[in-house]
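# Survey of secondary and tertiary structure
Next come the chains, spelled out residue by residue.
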Amino acid sequence: MDWTGCEYVERVPGRLGGAPVVKDSRVRADTLVESYELGESLEEIAYNFSLDEAAVRAVLRFAQERKQVVTHARDIGASVTNA
């Protein structure tokens, strides 16, 4: 996915091969999306990766807006967009 324009995602040469990561971390942005698609809650993802919930929410919202988040039996729009 093209993460250009997501304020919480950066590419740093030498960090995970330049893959898009959550700012100031070594967590791939795609990993957050994958975790959410597998059923982890926003809070669980933030806790498991030691990330701020606002950052996780913003990354998931960005992916959702680009239709990269697969919805299952739950409404991700509500959980991702509610602060």
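Look up: the structure comes first, before these words.
Reading the values: the criteria
- Residues numbered from 1 in each chain as written.
- Predicted model: local features only at pLDDT ≥ 70, side-chain atom pairs only at ≥ 80, totals over all residues.
- Heavy atoms only, no water.
- Helix = DSSP H or I, 4+ residues; strand = E, 2+ residues; numbered from the N terminus.
- Contact = heavy atoms within 4.5 Å.
- Areas by Shrake-Rupley, 256 points an atom, 1.4 Å probe, with all protein chains shown as cover.
- Axes fitted to C-alpha atoms, helices over the stretch in contact; angles between N-to-C directions.
- Parallel < 35°, antiparallel > 145°, perpendicular 65-115°, else oblique.
- Nonpolar A, V, L, I, M, F, W, Y, C, P; charged D, E, K, R; others polar.
- Phe/Tyr/Trp six-rings, centres within 6.5 Å; stacked < 30°, edge-to-face > 60°.
- Buried < 20%, exposed > 50% of the residue type's maximum accessible area, 1.4 Å probe, protein only.
- Lys NZ or Arg CZ within 6 Å of the ring centre and 35° of its normal.
- Core = buried A, V, L, I, M, F, W, Y, C linked by side-chain atoms within 4.5 Å.
- Expected span 1.5 Å × (residues − 1).

The next point concerns the overall build of the chain. Secondary structure assignment for the chain yields 4 helices and 2 strands. Along the chain, helices and strands appear, N-terminal first, in the series β-β-α-α-α-α. Within the chain, contacts between residues separated by at least 24 positions form 43% of all contacts whose residues are at least 6 apart in sequence. When the accessible surface of the chain is summed, it comes to about 4,900 Å², and 47% of that surface belongs to carbon and sulfur atoms.

It is the contact of helix α1 (residues 29-37) with helix α3 (residues 53-65), at a shortest axis distance of 10 Å, that shows an interaxial angle of 80°. Comparing the axis directions of α1 and α3 gives the class roughly perpendicular. When α1 is examined against α3, the residues Ala-29, Leu-32, Val-33 and Tyr-36 are found in contact with a partner set consisting of Val-56, Val-59, Leu-60 and Ala-63. For the contact of α1 with α3, the residue count by class is 8 nonpolar, no polar and no charged.

A few words on the packing of aromatic side chains. The tally for this structure, following the rule as stated, stands at 1 aromatic pair. Geometrically, the ring pair formed by Trp-3 and Phe-62 is stacked, given 5.6 Å between the ring centres and 20° between the ring planes. Of this pair, Trp-3 sits in the segment before β1 (9-10) while Phe-62 sits in helix α3; the two residues are 59 residues apart in sequence, bridging distant segments of the chain. For the pair formed by Trp-3 and Phe-62, the shared burial category is buried. Above the plane of the ring of Phe-62 lies Arg-66, whose end atom (NZ or CZ) is 3.5 Å from the centre.

Turning next to the nonpolar core. Among the nonpolar cores identified, the biggest contains 19 residues, and Trp-3, Leu-32, Val-56 and Val-59 are the most heavily contacted of them. Take this core: its biggest share by element is 6 residues, from α3.

Quick look at the environment of Leu-42 now. By the element assignment, Leu-42 lies in helix α2 (residues 42-48). In this structure Leu-42 comes out as buried when scored by relative accessible area, which is 4%. Measuring from C-alpha to C-alpha, the distance between Leu-42 and Glu-53 comes to 7.0 Å, with 11 residues separating the pair along the chain.

In a regular helix each residue adds 1.5 Å, so 13 residues correspond to 18 Å; α3 covers 18 Å between its end C-alpha atoms and thus fits that length. Listing the buried residues of α3 in full gives Ala-55, Val-56, Arg-57, Ala-58, Val-59, Leu-60, Phe-62 and Ala-63. Directly after α3, the chain includes Lys-67, whose backbone phi takes a positive value near 55°.

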